[in-house]
Amino acid sequence: MKYISTRGRSEPASFEEVLLAGMAPDGGLYIPECWPRMDERAIAALAGRSYVEVAHSVIGPYVAGALSDEELRCLLVKTYEEGNFTHKALAPLVQVDSNLFIMELFHGPTIAFKDYALQFLGNLFDHILEKRGERVTIVGATSGDTGSAAIEACRGCKNIDIFILHPKGRVSEVQRKQMTSVNAPNVHNIALHGDFDDCQALVKEMFADETFRKDMNLSAVNSINWARIIAQTVYYFAGALALGAPGRKVSFAVPTGNFGNVFAAYVGKQMGLPIDQLTIGTNRNDILTRFFETGAMTRETVKPTISPSMDIQVSSNFERYLFGLLDHDSARLCAMMNDFKTEGAFLVTSAELERARADFTACRSSEEDTAATIRTIHAETGYLLDPHTAVGVHAALTGRTDPSVPLVALACAHPAKFPDAVEKASGIRPPLPDHLADLLEREELVSELENDLVRAEEFVRAAIIR
Ligand SMILES: *Cc1c(COP(=O)(O)O)cnc(C)c1O
């Protein structure tokens, strides 16, 4: 399998190159040259199989040439069967109404769905680096959630050192503890004197310092890495198969920020999965919903919400979808991305908007809608949603076109990850699951740093001297 860049100015790359590079050299995102198709018989043959077996079939074509069948199987078993997930079905479905299901994606170590891709990515990185005899230093900034998922993915990896910067005093106690209580020699937490933007700017400066970047072999595991997308496509197959695919169509509703998760569903559809409706849920940071209403992608300022992991104004993975929508016209895509960068907006034609609307439905939730959804679903079914999941469920119910098709709403985080918002909406304070019950008593390992490039680079160099 070869990968091409959406911007059309980079050479085609192998899976291994795509994995290690993240972004293409021309600033674009990598996308497979063509979609590997599974016919109805091939999908039907996966019914009743384990998560690992489904993952093997779905991911297999994308890693061909980089991993043997056996290597892939070992990595999948290590991640999903022998690893840190606490539910044997990995992505179990809970029925909350006739034809309405919740797919629980919070049975990983940080109780949010990013674990499903990042746990695999950590093992995959480590395996490929081992084969190449290389080490990398991963540096990232976090406003809370992604940092802990990345740390959990890399702890115990032999060929990776990971440094995560968070703004001191500005992440929740649960989020901080999830990062700082990981006691592993290759994990380094930095509490920076500054805000999240300072953290992000400092990481960017480190990457821009070429000597430092090369000396440390810097790398990132951000949300545009192709391997993350394809690992997420697996649970759409698993969920659809459990509800009767390929004989029966299934719809999904996905709370969306960076467009990674919902794009993974779209990939499943391109591969042959019979997905009927794909619904995007946004909170009041509704750039995507406005796009599907008007055909204009227009950036506004970020407003804080009770679903903070979706407080985003630029959905980076949308570029992958746009590339297909423009029939691979990279020159036009580059011009549109440039418009977005310089003027904060780009437009598609009305014919393209019509096609996009056939692929996705988009609905927004106000803060009141989100809280009311948590309250109503709990009152009617006894099931407690986290605020992100509630945004998806609200969109699912508002945008639904055919109630006879089973509808799966993705539960992207455990309610205990956002206890204040959940308690305020429902009156119930959800307890942390057993494996995190003692989290707040765990010992913390964290270094405080001034917001200063020289000091930060010295810190990284000293910490990885072996
Ligand atoms: C990251 C995240 C999202 C948004 O997912 P994208 O792939 O960025 O669209 C939604 N909910 C939760 C809980 C998240 O952590």
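The structure displayed is predicted, hence computed values, not measured ones. (Residues numbered from 1 in each chain as written. Predicted model: local features only at pLDDT ≥ 70, side-chain atom pairs only at ≥ 80, totals over all residues. Heavy atoms only, no water.)

## Quick word on the overall build of the protein chain
- Scanning the protein chain from N- to C-terminus turns up 19 helices and 15 strands.
- Expected size for 466 residues packed as a compact globule is a radius of gyration near 23 Å; at 21 Å, the protein chain falls within 12% of this value.
- Based on the C-alpha atoms only, the size of the protein chain along its principal axes is roughly 60 × 55 × 50 Å.
- Looking at the protein chain residue by residue over its 466 residues, the buried ones come to 58%.
- Excluding contacts between residues fewer than 6 apart, the proportion of contacts in the protein chain whose partners are at least 24 apart in sequence is 75%.
- For the protein chain, the exposed surface amounts to about 18800 Å²; the carbon and sulfur share of it is 49%.
- Charge-centre separation for the protein chain: the mean point of 45 positive side chains lies 1 Å from the mean point of 61 negative side chains. (Helix = DSSP H or I, 4+ residues; strand = E, 2+ residues; numbered from the N terminus. Rg over C-alpha atoms; globule rule 2.2 N^0.38 Å. Buried < 20%, exposed > 50% of the residue type's maximum accessible area, 1.4 Å probe, protein only. Contact = heavy atoms within 4.5 Å. Areas by Shrake-Rupley, 256 points an atom, 1.4 Å probe, with all protein chains shown as cover. Lys, Arg positive; Asp, Glu negative; His and termini not counted. Charge placed at Lys NZ, Arg CZ, Asp CG, Glu CD.)

## Overview of the site of the ligand
- What surrounds the ligand is a group of 15 residues, the closest being Lys114, Gly257, Asn258, Phe259 and Asn261.
- In the environment of the ligand, an oxygen atom lies 2.5 Å from a nitrogen or oxygen atom belonging to the side chain of Lys114.
- Backbone polar atom of Asn261 to an oxygen atom of the ligand: 3.0 Å apart, as the coordinates give it.
- If the ligand stood free it would expose 380 Å²; the protein chains cover 96% of that surface.
- Looking at the shell around the ligand, its residues break down into six nonpolar, seven polar and two charged. (Near = heavy atom within 4 Å. Polar contact = N/O pair within 3.5 Å; in protein donor to acceptor, adjacent residues only side chain to side chain. Nonpolar A, V, L, I, M, F, W, Y, C, P; charged D, E, K, R; others polar.)

## A closer look at the nonpolar core
- Counting residues in hydrophobic clusters, the biggest one holds 112 residues, and the most contacted among them are Trp226, Tyr235, Phe252, Phe318, Leu322, Phe346 and Leu410.
- Of all the elements, helix H10 (residues 226–242) adds the most residues to this core, at 12 residues.
- The residues touching Leu410, leaving out its near neighbours within four places in the chain, are Met103, Leu105, Tyr235, Tyr236, Phe252, Ala253, Val254, Pro255, Asn261 and Thr389.
- Counting residues in hydrophobic clusters, the runner-up holds 23 residues, among them Val96, Ile374, Leu384 and Ala390. (Core = buried A, V, L, I, M, F, W, Y, C linked by side-chain atoms within 4.5 Å.)

## A few points about the sheet that holds strand E15 (residues 447–449)
- The parallel open sheet is built from five strands, whose spatial order is E8-E5-E6-E7-E15. Pairing within the sheet leaves two strands with one partner each, and these edge strands are strand E8 (218–219) and E15.
- Pairing between strand E6 (residues 160–167) and strand E7 (residues 187–192): six bridges, direction parallel. Opposite Ile164, over in E7, you have Asn189 as the bridge partner.
- Seen against the sheet, helix H6 (residues 145–154) touches strand E5 (136–141), E6 and E7 and runs at an angle of roughly 165° to E6. (Pairing = 2+ DSSP bridges. Axes fitted to C-alpha atoms, helices over the stretch in contact; angles between N-to-C directions.)

## Considering the layout of surface pockets
- When its volume is computed, the second largest pocket comes out at roughly 250 Å³.
- Lining the second largest pocket are 15 residues, with Arg49, Ala89, Ala238, Gly239 and Ala242 positioned closest to its centre.
- Of all the secondary-structure elements, those providing two or more residues to the lining of the second largest pocket are helix H3 (51–63) and H10.
- For the lining of the second largest pocket, the element with the most residues is H10, which contributes four residues. (1 Å grid on protein atoms, 1.4 Å probe; cavity = no way out; pocket = protein on both sides within 12 Å on 5 of 7 lines; lining within 4 Å. Points joined across faces, edges and corners; volume = space filled by probe spheres on them.)

## Some points on the environment of Glu343
- Inspection of the secondary structure assignment puts Glu343 in helix H14 (residues 330–343).
- Its relative accessible area of 64% is what places Glu343 among the exposed residues.
- Note: C-alpha distance between Glu343 and Thr298 (45 residues apart in sequence) is 8.9 Å.

## A word on helix H8 (residues 196–208)
- Taking 1.5 Å per residue, 13 residues should reach 18 Å; H8 reaches 18 Å between its end C-alpha atoms and fits that length.
- Taken together, the buried positions of H8 are occupied by Cys199, Leu202, Val203 and Met206. Projected down its long axis, H8 shows its buried positions confined to an angular sector of 100°, all on one face. Seen from the open side of H8, the exposed residues pointing more than 90 degrees away from its buried face are Asp197, Lys204 and Ala208.
- Buried residues along H8 sit in contact with E5, E6, E7, helix H9 (210–216), E8 and helix H19 (453–463).
- Its side-chain oxygen placed 3.2 Å from the backbone nitrogen of Asp197, Asp195 serves as the N-cap of H8. (Expected span 1.5 Å × (residues − 1). Arc of directions from axis to C-beta.)

## Some points on the pattern of salt bridges
- Under the counting rule described, the total for this entry stands at 24 salt bridges.
- The shortest N-O distance in the salt bridge between Glu152 and Arg155 comes to 3.1 Å.
- By relative accessible area, Arg155 is classed as partly exposed at 36%.
- With a closest N to O distance of 3.1 Å, Glu293 and Arg364 form a salt bridge. Of this pair, Glu293 sits in helix H12 (residues 287–294) while Arg364 sits in strand E13 (residues 361–364), and the two are 71 residues apart along the sequence.
- Accessibility expressed as a relative area gives 32% for Arg364, which makes it partly exposed. (Salt bridge = Lys/Arg side-chain N within 4 Å of Asp/Glu carboxyl O.)

## Observations concerning the side chain of Ser5
- Structurally, Ser5 can be placed in strand E1 (residues 3–5).
- Judged by relative accessible area, which is 4%, Ser5 ranks as buried.
- Polar contacts involving the side chain of Ser5 include one to the side chain of Asp26, which spans 2.7 Å.
- The residues contacting Ser5, other than those within four sequence positions of it, are Ser10, Ala24, Asp26, Gly28, Leu29, Tyr30, Phe323 and Ser330.

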